[in-house]
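Close look at the chain arrangement
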Amino acid sequence: MKIISNSAKQTRKVGAELGWLAKAGDVILLEGGLGVGKTCLAQGIAHGLGIDGYVISPSFVLLREYQGRLPLYHIDFYRLDRIEEVAYLGLDDYLYGGGVCIVEWAEKGLGMLPGEHLLIKMQHIAPAKRKLAFYPEGPRYEEMLSQLKLTRSVARK
Amino acid sequence: MKILGIESSCDETAAAVVEDGTKILSNIIASQVEIHSRYGGIVPEIASRQHLLSVIPVVEQALSNASVTPDGLSAIAVTNGPGLAGSLLVGVNLAKALALAWDLPLIGINHLEAHIYANWLGEDTPVFPLLALIVSGGHTDLVLMSNHGELLLLGRTRDDAAGEAFDKVARMLELGYPGGPAVERASREGTPRYHLPRAWLKGSDDFSFSGLKTAVVRLAEELGISTMPHPNSVAADIAASFQRSVVDVLVTKTTAAANRHGVKQVLLAGGVAANELLRETVVRRLPTPVLVPDPVLCTDNAAMIASCGYFHLLAGKVAGWDLDVIPGLKLG
């Protein structure tokens with residue numbers, strides 16, 4: 001499944017739809033270079049989880065926690081260069097905990113992350129235009145994606 | 001009154017003794033920057049392990065440099081948020097143990113509020129009401145302070161913190177870590193010839209640096225930075241243009257808020273407050289007097305924790321033994 005977003009606002013809306021559908025234990029991985037809107041999508045997911053206030057980039061601190069309908073663990077591998085560094089992070093409590101995990105720059109540590117997840121690859125197309133490609137791994141994420149399609153088709157009607 | 005301050009929220013383990021909130025008797029910082037520079041940033045597990053190794057020697061050194069024994073102290077102040085949970089726990093647990101053993105009041109300190117108190121450690125005492133701009137790797141906050149303990153968060157970043165944008169740009173242009181000083185160094189060799197966007201967010205005191213970061217990415221791509229040898233003059237020009245854009249937004253928005261609230265002073269705080277261009281520009285453009293801490297007090301330190309702790313103690317704000325770490329602690 002692919003979605004073309006024409007603005008940061010649209011990207012946030014896709015995120016919010018994912019946030020509404022999210023369940024405890026969900027892991028959402030985001031890939032794509034600097035400035036493709038990963039944090040923007042994460043802000044939408046947080047909004048969908050009912051989190052008030054701003055969700056800001058975790059690049060500097062590597063992890064920020066929020067409490068909404070479910071806890072949100074917003075993780076960022078931007079600064080990590082080798083997969084062993086991901087192992088040092090001690091992320092298992094978050095990844096296999098009772099909240100929703102979003103991992104930015106997941107490509108830097110795919111081998112250390114749960115095999116079942118929703119991977120979203122984001123790409124810059126034009127100044128405000130982005131492509132979001134969805135790759136579900138496992139039945140939970142197949143289901144999440146079909147619900148997302150349904151939500152979006154209902155919203156269009 | 002002498003207060004022992006302990007700080008371990010991020011990548012520095014620090015302890016200090018400050019008298020009456022204003023006079024530094026000792027200020028010890030064991031930095032992890034060298035360890036982290038190999039990783040291009042802060043790695044939490046490494047940070048907390050390193051804090052454990054450093055914290056007791058750092059406290060001992062702070063007491064001995066200040067020529068103070070535990071019975072000469074009035075309280076122990078410690079950062080309990082915001083920051084990395086594992087790192088914060090090292091400081092908080094030691095502070096609890098020492099306060100219990102030495103029979104001293106324990107004071108939990110918000111790291112962001114403490115950054116403002118770096119300004120009480122200089123020659124001029126701040127005057128209320130004041131506006132504080134806290135700019136660091138994790139935060140960009142504009143705070144109105146009408147008295148000790150009376151803080152109102154006027155604005156904050158909606159996406160990237162200013163210091164984080166410096167780090168990302170430094171990394172993108174291969175200028176080194178920590179990013180702030182690296183961009184500043186490169187900027188001195190360059191000219192701000194590129195016009196980069198400024199997010200004004202009119203009608204709000206909030207900041208946004210994500211669009212600027214994205215603009216730098218696109219510009220660097222267009223100019224083919226990755227194919228050029230390093231260091232090069234194009235990277236220096238981009239760094240200078242980026243730095244100018246950040247400083248322009250920070251100073252313009254701070255000036256507007258200062259005028260609107262009729263403050264008597266403006267204070268800078270946080271790691272980015274060490275940036276020379278920011279310091280010069282803010283002093284030049286603001287109509288009110290500006291206080292800027294000594295650069296060593298801009299970055300994380302424990303003297304600011306002890307100073308802030310003194311004013312909490314005067315107000316009777318003492319923590320119980322159930323003091324917990326709050327990784328997402330907010331201001332105000």
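As the structure is a prediction and not an experimental result, all values here were calculated from the model.

**Comments concerning the packing of helix α1 (residues 8-21) of chain A against helix α5 (residues 139-156) of chain A**
Residue and element names in this part refer to chain A. It is at 10 Å that the axes of α1 and α5 come closest, and there the two elements cross at 125°. Considering their axes alone, α1 and α5 lie oblique with respect to each other. The two elements α1 and α5 meet at a crossing, and its hand is right-handed. From α1, V14, E17, L18 and L21 reach across to α5, where they touch R140, M144, Q147, L148, T151 and R152. Within the contact of α1 with α5, the residues separate by chemical class into five nonpolar, two polar and three charged.

**Re the pairing of strand β4 (residues 75-81) of chain B**
Residues and elements named next belong to chain B. With seven of its seven residues buried, β4 lies for the most part within the structure. Here strand β1 (residues 2-7) runs beside β4; their pairing, made up of four bridges, is parallel. Directly across from I6, in β4, lies its bridge partner V78. By the bridge criterion, five bridges tie β4 to strand β5 (residues 106-110) in an arrangement that is parallel. Counterpart to A77 in the pairing with β5 is I107.

**Side note on the interface of chain B and chain A**
Opposite the 31 residues of chain B that make contact, chain A presents 24 residues. Regarding the contact of chain B and chain A, the summed buried area is about 2,400 Å², with carbon and sulfur atoms giving 55% of it. Here chain B is connected to chain A by zero salt bridges. At the surface where chain B touches chain A, the tally comes to nine residue pairs in polar contact (both at pLDDT 80 or more).

**Points about the packing of helix α7 (residues 210-223) of chain B against helix α8 (residues 233-261) of chain B**
Residues and elements named next belong to chain B. α8 packs onto α7 with a crossing angle of 165° between their chain directions and a minimal axis gap of 11 Å. Our classification of the angle between α7 and α8 gives roughly antiparallel. Like other packed secondary-structure pairs, α7 and α8 cross with a definite hand, here right-handed. Across the interface between the two elements, L212, V216, L219, A220 and L223 from α7 touch V234, I238, F242, S245 and V246 from α8.

**As for the domain arrangement of chain B**
All names here are of chain B. Domain parsing of chain B yields domain 1 (2-118 + 297-314) and domain 2 (127-292). Computed from C-alpha atoms alone, the centre-to-centre distance between domain 1 and domain 2 is 27 Å. Each side of the interface is counted separately: domain 1 has 17 residues, and domain 2 has 19 residues. Looking at the side of domain 1 facing domain 2, the largest losses of area belong to L112, I116 and C298, adding up to 44% of the total buried there. Scanning the region where domain 1 abuts domain 2 turns up zero salt bridges. When residues of the side of domain 1 that touches domain 2 are traced back to their parent elements, those giving at least two are α1 (33-37) and α4 (111-117). Examining the composition of the side of domain 1 that touches domain 2, we find that five residues originate from one element, α4, more than from any other. Its residues assigned to classes, the side of domain 1 that touches domain 2 comprises nine nonpolar, six polar and two charged.

**Description of the pairing of strand β2 (residues 12-19) of chain B**
All names here are of chain B. Among the eight residues that make up β2, seven are buried, leaving the element largely enclosed by the rest of the structure. Sheet topology note: the β1/β2 ladder contains six bridges and is antiparallel. Bridge pairing in β2 places L4 opposite V17. Linking β1 back to β2 in an antiparallel pair, the connection comprises four residues. Where β2 meets strand β3 (residues 23-31), eight bridges bridge the pair, whose relative direction is antiparallel. Within β3, the position partnered with E19 by the bridge is K23. Between β2 and β3, which follow one another and run antiparallel, lie three residues, and D20 among them has a positive phi close to 50°.

Conventions used here
- Residues numbered from 1 in each chain as written.
- Chains lettered and ligands numbered in written order.
- Predicted model: local features only at pLDDT ≥ 70, side-chain atom pairs only at ≥ 80, totals over all residues.
- Heavy atoms only, no water.
- Axes fitted to C-alpha atoms, helices over the stretch in contact; angles between N-to-C directions.
- Helix = DSSP H or I, 4+ residues; strand = E, 2+ residues; numbered from the N terminus.
- Parallel < 35°, antiparallel > 145°, perpendicular 65-115°, else oblique.
- Left-handed = near helix turned anticlockwise from the far one by under 90°.
- Contact = heavy atoms within 4.5 Å.
- Nonpolar A, V, L, I, M, F, W, Y, C, P; charged D, E, K, R; others polar.
- Buried < 20%, exposed > 50% of the residue type's maximum accessible area, 1.4 Å probe, protein only.
- Pairing = 2+ DSSP bridges.
- Buried area = accessible area lost by both parts, 1.4 Å probe.
- Salt bridge = Lys/Arg side-chain N within 4 Å of Asp/Glu carboxyl O.
- Polar contact = N/O pair within 3.5 Å; in protein donor to acceptor, adjacent residues only side chain to side chain.
- Domains from an automatic or database assignment.

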